[in-house]
There are 2 protein chains.
Amino acid sequence: MTATPRTDRSARQPLLSLSLDPEGPLPLHRQLYQQLREAILGRRLTSGMRLPSSRLLTQELGISRNTVLAALDQLTAEGYLAPRRGSGSFVAALAPEPALPARQPTPRPEKAATLKPSGRSRQLAVSAPQRLVTGGAFTPGLADHREFPFALWSRLLAKSWRDPPAALVGPGEAQGHQGLRRAIARYLGAMRGVVCAPEQVFIVNGARQAVDLAAHALIDHGDIACVEEPGWPGLRGTLAANGALLVPVPVDEFGMTVASGLRVRLIAVAPSHQYPLGVTMSLARRLELIQWAKRSDAWILEDDYDSEFRYGGRPLAALQGLDEEGRVVYVGTFSKVLFASLRLAYLVVPPELVDIVARVRPSLDDYPSAIAQPALAEFIDAGHFVAHIRRMRRRYQARQEILLDAAGRHLSGLLDIEPCAAGMHLVARLGRALAGRQDDRTLSGLAAASGITAPALSSYFHGPVGAQGLLLGYAPVAEDEIEPAVRRLAQALGAARQG
Amino acid sequence: MTATPRTDRSARQPLLSLSLDPEGPLPLHRQLYQQLREAILGRRLTSGMRLPSSRLLTQELGISRNTVLAALDQLTAEGYLAPRRGSGSFVAALAPEPALPARQPTPRPEKAATLKPSGRSRQLAVSAPQRLVTGGAFTPGLADHREFPFALWSRLLAKSWRDPPAALVGPGEAQGHQGLRRAIARYLGAMRGVVCAPEQVFIVNGARQAVDLAAHALIDHGDIACVEEPGWPGLRGTLAANGALLVPVPVDEFGMTVASGLRVRLIAVAPSHQYPLGVTMSLARRLELIQWAKRSDAWILEDDYDSEFRYGGRPLAALQGLDEEGRVVYVGTFSKVLFASLRLAYLVVPPELVDIVARVRPSLDDYPSAIAQPALAEFIDAGHFVAHIRRMRRRYQARQEILLDAAGRHLSGLLDIEPCAAGMHLVARLGRALAGRQDDRTLSGLAAASGITAPALSSYFHGPVGAQGLLLGYAPVAEDEIEPAVRRLAQALGAARQG
């Protein structure tokens, strides 16, 4: 096609409908670029058509020549325009495929009906735990962040980043910041009976990433993993995402039972304070569990859930410290002890696994962010961590007592609640006025409608529901907020009894 | 077994061999607890045996009675000791299984030979990219962190955590901090031609987690994923970890080629600046690629690698902006632009995928850490981010020119290097003195021995090696360090020519 005045004019028509807005959020050259590009993609300007000269565009649009040239240069660089020496710019030949429809700034048109997410994404979404973001009474598994010393935390963060050493700023180690790993190994040895060197510690973003990392190193598609029933849905979801076949194993009053005959690849267990039931595994059961793993040649994934908050005696030593053969990978987290959005946790692996886990670690997210690690290391080393645990332990113990007392006065007949020597929540079974009449999910919904978070015990079961009840997390509820919340809950449940 | 003086004495013998160290790292009660526990587990103290009284232990060990009681209480709480009223403490009956060997404080005894990591962990470890932690000349893909305004960064961090709002401290959104998502959506729309609302943005820890998240939502075990050949090994490793079957597709001078006949589930591509070759995908190829995806009903994973650093013209608009059907999930990262250990990146998904991705997100690590997000949002909103990119773009462009100039003087015949209009590294092909004589991995090793990081091009191939060369990252090397490093590299390679 040759350049004629007619072509020139036909190209001008759509251009004159361009509308540039000097007050708009984008610079003028960017606006011009985008509108010309849309015109080309929408075939309002077709292949071979000559564009008006930059001088003409400058006049027509009332903008500077540099602005016009910037837009044309960009379109040329991207292949929308093809310059010919001395003849200006021509619309380039685009793909051999049929024309694409014009780009609309409106919402996206409907997509092909066959374009679907993965099959497992639906399964993962179903097994994802109920998001508990309210933070109010009685959210389980949530620390009281109002008690955290943020002014100190802010100073530690600022100090560690004002003039950071090169090692902190460049690509980090797959295992995380060495100072923090040292602090964790010391803490775990002294307080949890965990036998480990800093080299065995991997810093991760939360307990679920610890499980994900362990599963990458230990689980192949189709491997059998035993999980507690009822248990933490997050653990199940992450193991399932790694292709594990989940076998739920009942929990009794001594902890997870032992399915001796079953040969499995991995046994996932929370012996310190089983979630959600709150059982602490007996020593005898711990030893049986290790024997089972030995016979089955299985790995043990120990989730040391809530071990920090024990009100009767000292916290029990971890299963990891009983393990003679390097079968236990150990998971702990800071988010439950300090504040939720910190997202720092750790996986401790046997020495024989360090190398393979370090090499698998990058397939998750390369290595952990350095931003919070040095501040947390100093927080631990200077004693603030243990002091915080000690202070919160007293607070949470008092809150559990207040909750039990208020429940005795207001929830009698509705919920039966036993005290628990550890943790941040209590399990309330349905009392005689509700048991057999109401489903715990219905009751949880009624509580939610009254502004009270109280997850249904049945939602923690993988297989058939073996028990009904409500979880009441007392940790994040201030002392004087507990009784009013219990009264609101009693009202909501009382209505259910009559309904 | 009854308590007799004989039993008492037999129990005393091993106890007298206890050695408590008042200067040791653990408190005395903890030392006593651990040593008694080891004696019980090692059957030096056997079931039913009576322990000496706390008074006697106090005398024998020369420590306070409270210390002794603390240790005995803990052992009792954990089930190692059973108190009988008025008769002191007895060693409890442990598991019905045969005795465990005694716990040694020495390194762990050998484990069962059959206890193995997962099969895929070996594959993942092999496909993991070479760790490039030196940070010196010529590490590719690494920003120059010496230019980052850390004093400002430290102030922004401190400010955001001094007195944080409850929403920042409690459990966060699966998608990340809203302010940061807004800032990203604005930046991407203005600078990258990405059409998205903040609701489509997911904050993640690095580009690999973005790929992992996309793969969770889009890939099932056994699905075919096309990847660029050569390409980013990290992407391949993470897709493989998700069960994808990888099909490498050659890259030519217009970018990834189009394997039209192949029906695939996902096409992973880096159109802005292909890694490692540095090719920018032509517009025609982009449109062909979208057509291929359409015919194949495939998803496109766009890694907008290095798009920020373009020296000729403006950065090309992203593929995402050409997509009419919501097929493109888009990955970008801050770690390459600001500093490596920040670990913040983002995934932008089509509106139709937001819900499923949000529900799958927790199976990775619940939600991203809040620590750096508000500071980064303010860094972007206040204009520091774009200013930093602009400053580093000038710097990196100058560094590429210095590298080309020095290479022309010192590497002639050894390496052939072409300039590149974008990115942070150059690809050097083997020159006539080396081509066909030396393997690029050998040369990379020689360079490393001289303190120069220069990864072998062949290590980026998934299938048969299609090209040999070295990658030279100039971004993290100060202007006056480039020529000396080139001379060291020339010396190392010159020796290879003679060898």
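Residues numbered from 1 in each chain as written. Chains lettered and ligands numbered in written order. Predicted model: local features only at pLDDT ≥ 70, side-chain atom pairs only at ≥ 80, totals over all residues. Heavy atoms only, no water.

## A closer look at the interface of chain A and chain B
Using the following cut-off: When checking whether two residues touch, look at their non-hydrogen atoms; a contact exists if any pair is within 4.5 Å. As used here, buried area is the combined drop in accessible area, with a 1.4 Å probe, of two parts when they are placed together. Salt bridges, as used here, are contacts in which a Lys or Arg side-chain nitrogen is within 4 Å of a carboxyl oxygen on Asp or Glu. Polar contacts here mean pairs of N or O atoms no more than 3.5 Å apart (in protein, one a potential hydrogen donor and the other a potential acceptor; neighbouring residues in sequence count only if both atoms are side-chain atoms). Numbering goes from the N terminus for both helices and strands, where a helix is a DSSP run of H or I of at least four residues and a strand is a run of E of at least two.
Contacts between chain A and chain B engage 126 residues on the former and 126 residues on the latter. The contact between chain A and chain B buries some 10,700 Å² in all, and 56% of this surface belongs to carbon and sulfur atoms. Our count for the contact surface shared by chain A and chain B stands at 4 salt bridges. Linking chain A with chain B are 49 residue pairs in polar contact (both at pLDDT 80 or more), by the criterion used here. Sort the elements by how many residues they give to the side of chain A that touches chain B and helix 6 (residues 150–162) of chain A lands first, with 8 residues.

## Some details on the side chain of Thr 238 of chain A
In plain terms, the rule: Relative accessibility decides the category of a residue: with a 1.4 Å probe and only protein chains considered, values under 20% of the type maximum give buried, values over 50% give exposed, and everything between is partly exposed.
Mapped onto the fold, Thr 238 of chain A is located in helix 10 (residues 233–241). On the accessibility criterion, Thr 238 of chain A (0% relative accessible area) is buried. In this structure, Thr 238 of chain A is in contact with Arg 208, Val 211 and Asp 212 of chain A together with Ser 363 of chain B, ignoring residues within four places of it in sequence.

## Remarks on the relation of the copies chain A and chain B
Definition in use: For this overlay, a least-squares fit was computed on C-alpha atoms, restricted to residues scoring pLDDT of at least 70 in both copies.
Note on the copies: chain A fits chain B at an RMSD of 0.3 Å, the axial shift is 0.0 Å, and the rotation between them is 180 degrees. With respect to symmetry, the two chain copies, as superposed, fit the operation of a two-fold axis. Residues of chain A ranked by C-alpha distance from the rotation axis are headed by Ala 158 of chain A, positioned 2.5 Å from it. Here 99% of the interface residues in chain A have copies in chain B that are interface residues too; the copies meet face to matching face.

## Observations regarding the confidence of the model for chain A
Residues and elements named next belong to chain A. The test is simple: Summary of the metric used: pLDDT quantifies the predictor's per-residue confidence within the range 0 to 100.
Across chain A, the average pLDDT comes to 86, with 89% of residues at 70 or higher. Here residues 1–14 is a poorly scored stretch, pLDDT under 50, and it has 22 contacts once near neighbours within four places are set aside; other chains count. Under the prediction, the complex receives an ipTM of 0.82, its pTM being 0.83.

## A word on the packing of helix 2 (residues 28–41) of chain A against helix 4 (residues 65–77) of chain A
All names here are of chain A. Let me state the cut-off plainly: Lines fitted to C-alpha atoms define the axes, with helix axes restricted to the stretch in contact, and inter-axis angles between N-to-C directions lie between 0 and 180 degrees. With respect to orientation, any angle under 35 degrees is reported as roughly parallel, any angle over 145 as roughly antiparallel, any angle of 65 to 115 as roughly perpendicular, and every other angle as oblique. Handedness of a helix crossing follows the sense of rotation of the near helix relative to the far helix, less than a right angle counterclockwise being left-handed and clockwise being right-handed. In this count, Pro and Cys sit with the nonpolar residues alongside Ala, Val, Leu, Ile, Met, Phe, Trp and Tyr, while Asp, Glu, Lys and Arg are called charged and the others, Gly among them, polar.
At a closest axis distance of 8 Å, the pairing of helix 2 and helix 4 adopts a crossing angle of 45 degrees. Considering their axes alone, helix 2 and helix 4 lie oblique with respect to each other. Note that helix 2 runs across helix 4; the crossing there is right-handed. Mapping the contact onto sequence places Leu 28, His 29, Arg 30, Leu 32, Tyr 33, Leu 36 and Arg 37 in helix 2 and Thr 67, Val 68, Ala 70, Ala 71, Leu 72, Gln 74 and Leu 75 in helix 4. Here the contact of helix 2 with helix 4 is composed, by residue class, of 9 nonpolar, 3 polar and 2 charged.

## Points about unusual backbone geometry
All names here are of chain A. Following Ala 137, the chain continues to Phe 138 via a peptide bond in cis, the omega torsion being -5 degrees. The residue Phe 138 is located in the loop between helix 5 (119–127) and helix 6 in this model. With an omega dihedral of 0 degrees, the bond running from Glu 229 to Pro 230 counts as a cis peptide bond. Along the polypeptide, Pro 230 turns up in the loop between strand 4 (224–229) and helix 10. Even without glycine at this site, Arg 343 takes up a positive phi of about 55 degrees. One can find Arg 343 in the loop between strand 9 (328–333) and strand 10 (345–348).

## Description of the nonpolar core
Condition: Buried Ala, Val, Leu, Ile, Met, Phe, Trp, Tyr and Cys residues form a nonpolar core when they are joined through side-chain atoms within 4.5 Å.
With 152 residues, the main nonpolar core has Trp 153 of chain A together with Trp 153 of chain B as its most contacted residues. Leave out the neighbours within four places in its chain, and Trp 153 of chain B touches Trp 161 and Ile 371 of chain A together with Phe 148, Phe 339, Leu 342, Ala 372, Ala 375 and Leu 376 of chain B. Counting 50 residues, the second largest nonpolar core, distinct from the first, contains Ala 217, Tyr 275, Phe 461 and Leu 471 of chain B.

## What about the pattern of salt bridges?
Applying the stated criterion across every chain yields a total of 46 salt bridges over all chains. A salt bridge links Glu 325 of chain A to Lys 294 of chain A; its shortest N-O distance comes to 4.0 Å. A residue pair is termed long-range when its members are at least 10 positions apart, and Glu 325 of chain A in the loop between strand 8 (299–303) and strand 9 and Lys 294 of chain A in helix 11 (residues 283–296) qualify at 31 residues. According to the relative accessible area criterion, Lys 294 of chain A is partly exposed, its value standing at 36%. We note a salt bridge from Asp 355 of chain B to Arg 359 of chain B, for which the minimum N-O separation is 3.3 Å.

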